[in-house]
Amino acid sequence: GARVARCDTQLSHHTPTAPHARAAPPIGPRRIMALAVLVALALARGALADRATCAACAQAVTYLSKAYNHTEAELELSKEANDKKAQKIDKVQKAQTKRWLKQEYGVALRAAVEEEMEALCGRPSIASNRELKAACVSLIEQQDEELARAILDEKSDGFCASVVPGCEGVQANEAVAA
């Protein structure tokens, strides 16, 4: 009330610096309120976009980690069988076999993560929500390398917080649930 009136008074007493310029009309309380509502709506829309990006990121990390862990478990089983075979081979061939297996292992994990990343935004839990799907597509377009690296290096814990400040723990769970 009093602040708005004081602001109106100050604006109405404004004298232009240029001789040909006209004084701006005073801004009334309705205009100020309308501007405040528009600012609040813009901030709320940004918060919703951040929540969608947070939810998309949290779900991406979950799905990609599952794909990584599943492939890693499968590779461990085949690695044990290959290690038993390698014990029967002399040391030179054994070192070569180990190097080959190590490369194959990393390539298979990377392929599993990339394959899941391609299918990610089409998953029913993401695709059923237009805003969430758009946030997912945007996340993959902007962060695909960083996201894959975080999963492959098993350092995904703080990834979503680096993309959307505050998107971790309870906040991430709430964003996914919303």
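Colleague: Would you explain the overall build of the chain in this entry?
Modeller: When helices and strands are counted, the chain shows seven helices and zero strands. Listing every helix and strand of the chain by position from the N terminus yields α-α-α-α-α-α-α. A buried classification covers 25% of the 178 residues belonging to the chain. Pairs at least 24 apart in sequence give 67% of the contacts found in the chain among residues at least 6 apart. On the chain, roughly 12,500 Å² of surface is accessible, and the fraction owed to carbon and sulfur atoms is 56%.

Colleague: Honestly, unusual backbone geometry in this entry has me stumped. Any pointers?
Modeller: Most peptide bonds adopt trans geometry, and most residues besides glycine take a negative phi value. Residue E154 is not a glycine yet carries a positive backbone phi of 55°. Among the secondary structure elements, E154 is positioned in the loop between α5 (130-152) and α6 (159-163).

Colleague: When you look at the layout of surface pockets in this model, what are you seeing that I'm missing?
Modeller: Once rolled over the atoms, a probe with the size of a water molecule shows which space is left empty. Approximately 230 Å³ is the volume attributed to the largest pocket. Lining of the largest pocket is provided by 14 residues; of these, A58, V61, T62, C160 and A172 occupy positions nearest its centre. Listing elements by their share of the lining of the largest pocket, those giving two or more residues are α2 (29-86) and α7 (170-177). Taken together, the residues of the lining of the largest pocket sort by class into seven nonpolar, five polar and two charged.

Reading the values: rules and limits
Residues numbered from 1 in each chain as written. Predicted model: local features only at pLDDT ≥ 70, side-chain atom pairs only at ≥ 80, totals over all residues. Heavy atoms only, no water. Helix = DSSP H or I, 4+ residues; strand = E, 2+ residues; numbered from the N terminus. Buried < 20%, exposed > 50% of the residue type's maximum accessible area, 1.4 Å probe, protein only. Contact = heavy atoms within 4.5 Å. Areas by Shrake-Rupley, 256 points an atom, 1.4 Å probe, with all protein chains shown as cover. 1 Å grid on protein atoms, 1.4 Å probe; cavity = no way out; pocket = protein on both sides within 12 Å on 5 of 7 lines; lining within 4 Å. Points joined across faces, edges and corners; volume = space filled by probe spheres on them. Nonpolar A, V, L, I, M, F, W, Y, C, P; charged D, E, K, R; others polar.

Coordinates in, geometry out; function isn't part of it.
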